[in-house]
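Structural overview for review
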Amino acid sequence: MTHMASTTSATTATSPAPTIGFDLDMTLIDSRPGIHACYQALSERTGTYIDADLAITRLGPPLELELANWFPEERLAPMADLYREMYPTVAITATPALPGAREAIRAVQEGGGRAIVVTAKYEPNAKLHLEHLGIEPDAVVGDLWAEQKALALREHGATVYVGDHTGDIRGARTAEAYSLAVATGPFEAEALSAAGADAVLPDLTAFPAWLAGYRAAA
């Protein structure tokens with residue numbers, strides 16, 4: 001996915017235009033309704049009990065880690081494939097953007113920077129979410145969790161990573177990037193600070209003002 005809107009390319013020595021990475025689930029999108037519906041559909045399809053209410057309280061880690069609570073190891077791979085196959089039909093339209101998500105991406109781009117999404121979600125489904133919601137990052141990289149996210153952050157030269165999970169903080173730290181957390185996921189602000197976030201915002205509506213301060217300080 002390529003951002004096609006015009007951006008301001010001129011920057012000054014005191015106002016750099018950074019590349020900033022964003023997590024997807026519970027950072028840019030409220031994925032709980034769609035994932036809940038998909039777990040229910042998977043349960044009905046397979047005849048296996050899945051507590052979807054519980055599952056959506058621990059979003060962030062890879063799908064297989066959650067499925068391991070409901071299926072034996074030998075069934076994890078086919079069940080993950082089935083879930084991902086069902087996901088576009090069941091989950092995409094049920095999932096809204098979180099407040100400030102579009103504005104956060106635009107704030108980076110309109111300042112001449114690049115906004116990328118780095119997520120543990122299956123990359124094709126991540127792109128479907130963003131396309132459906134009209135969110136246009138400069139790049140999307142999926143299937144990376146926690147410290148693995150540093151691979152994409154380093155490749156794209158990201159100096160900041162924004163996420164809601166302690167795994168996102170670990171990813172930023174591994175990439176030697178600034179860790180900006182948002183308290184819109186499973187962790188409260190205090191827990192995110194304790195896990196090592198450099199700063200914590202209540203949600204992305206506060207991001208444009210934070211970005212202006214970050215660039216001025218840089």
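What counts and what doesn't
Residues numbered from 1 in each chain as written. Predicted model: local features only at pLDDT ≥ 70, side-chain atom pairs only at ≥ 80, totals over all residues. Heavy atoms only, no water. Buried < 20%, exposed > 50% of the residue type's maximum accessible area, 1.4 Å probe, protein only. Helix = DSSP H or I, 4+ residues; strand = E, 2+ residues; numbered from the N terminus. Arc of directions from axis to C-beta. Contact = heavy atoms within 4.5 Å. Pairing = 2+ DSSP bridges. Axes fitted to C-alpha atoms, helices over the stretch in contact; angles between N-to-C directions. pLDDT = per-residue confidence, 0-100. Parallel < 35°, antiparallel > 145°, perpendicular 65-115°, else oblique. Left-handed = near helix turned anticlockwise from the far one by under 90°. Nonpolar A, V, L, I, M, F, W, Y, C, P; charged D, E, K, R; others polar. 1 Å grid on protein atoms, 1.4 Å probe; cavity = no way out; pocket = protein on both sides within 12 Å on 5 of 7 lines; lining within 4 Å. Points joined across faces, edges and corners; volume = space filled by probe spheres on them.

1. Things to note about helix H10 (residues 207–217)
Phe-207, Trp-210, Leu-211 and Arg-215 are the residues of H10 that are buried. Seen from one end, H10 has its buried residues packed into an arc of 130°, which puts them on one side. Relative to its buried face, H10 has exposed residues pointing more than 90 degrees away, namely Ala-209, Ala-216 and Ala-217. The inward-facing, buried residues of H10 abut strand E1 (19–22), helix H5 (101–110), strand E4 (158–163), strand E5 (178–182) and strand E6 (199–201).

2. A short note on the sheet that holds E1
Judged by pairing direction, the sheet is parallel, and its six strands sit side by side in the order E3-E2-E1-E4-E5-E6 without closing on themselves. Every other strand in the sheet has two partners, leaving strand E3 (139–141) and E6 as the edge strands with one partner each. Averaged over neighbouring strand pairs, the angle between their axes works out to 25° when direction is ignored. In the packing of helix H6 (residues 123–133) onto the sheet, contacts are made with strand E2 (114–118) and E3, and the angle to E3 comes to roughly 140°.

3. Overview of the confidence of the model for the chain
Looking at the chain as a whole, the pLDDT averages 93, with 93% of positions reaching at least 70. Predicted confidence is poor over residues 1–14, with pLDDT under 50, and the contacts of this stretch with residues over four places away or in other chains come to 28 contacts.

4. Points about the packing of helix H1 (residues 32–46) against helix H4 (residues 73–91)
The contact between H1 and H4 brings their axes to 9 Å, and the two run at 125°. In terms of their interaxial angle, H1 and H4 are classed as oblique. In the crossing of H1 with H4, the sense of the turn from one axis to the other is right-handed. Residues Gly-34, Ile-35, Ala-37, Cys-38, Tyr-39, Ala-41, Leu-42, Arg-45 and Thr-46 of H1 form the contact with H4, whose own contacting residues are Arg-75, Met-79, Leu-82, Tyr-83, Met-86, Tyr-87, Val-90 and Ala-91. Grouping the amino acids of the contact of H1 with H4 by side-chain chemistry returns 13 nonpolar, two polar and two charged.

5. Description of the layout of surface pockets
Size it by volume and the largest pocket reaches roughly 360 Å³. Looking at the largest pocket, it is lined by 26 residues, and the ones nearest its centre are Asp-25, Gly-60, Pro-61, Pro-62 and Leu-63. Secondary structure elements with two or more residues in the lining of the largest pocket: H1, helix H3 (63–67) and H4. Here the residues of the lining of the largest pocket are counted per class, giving 13 nonpolar, four polar and nine charged.

6. Digging into the environment of Phe-22
Along the chain, Phe-22 turns up in strand E1. Take Phe-22: its relative accessible area is 0%, and that puts it in the buried class. In sequence terms Phe-22 and Gln-148 are 126 residues apart; their C-alpha atoms lie 14 Å from each other. Among residues more than four places away in sequence, those in contact with Phe-22 are Leu-28, Ala-104, Ile-105, Val-108, Ala-115, Ile-116, Val-117, Val-118, Tyr-161, Val-162, Leu-204 and Phe-207.

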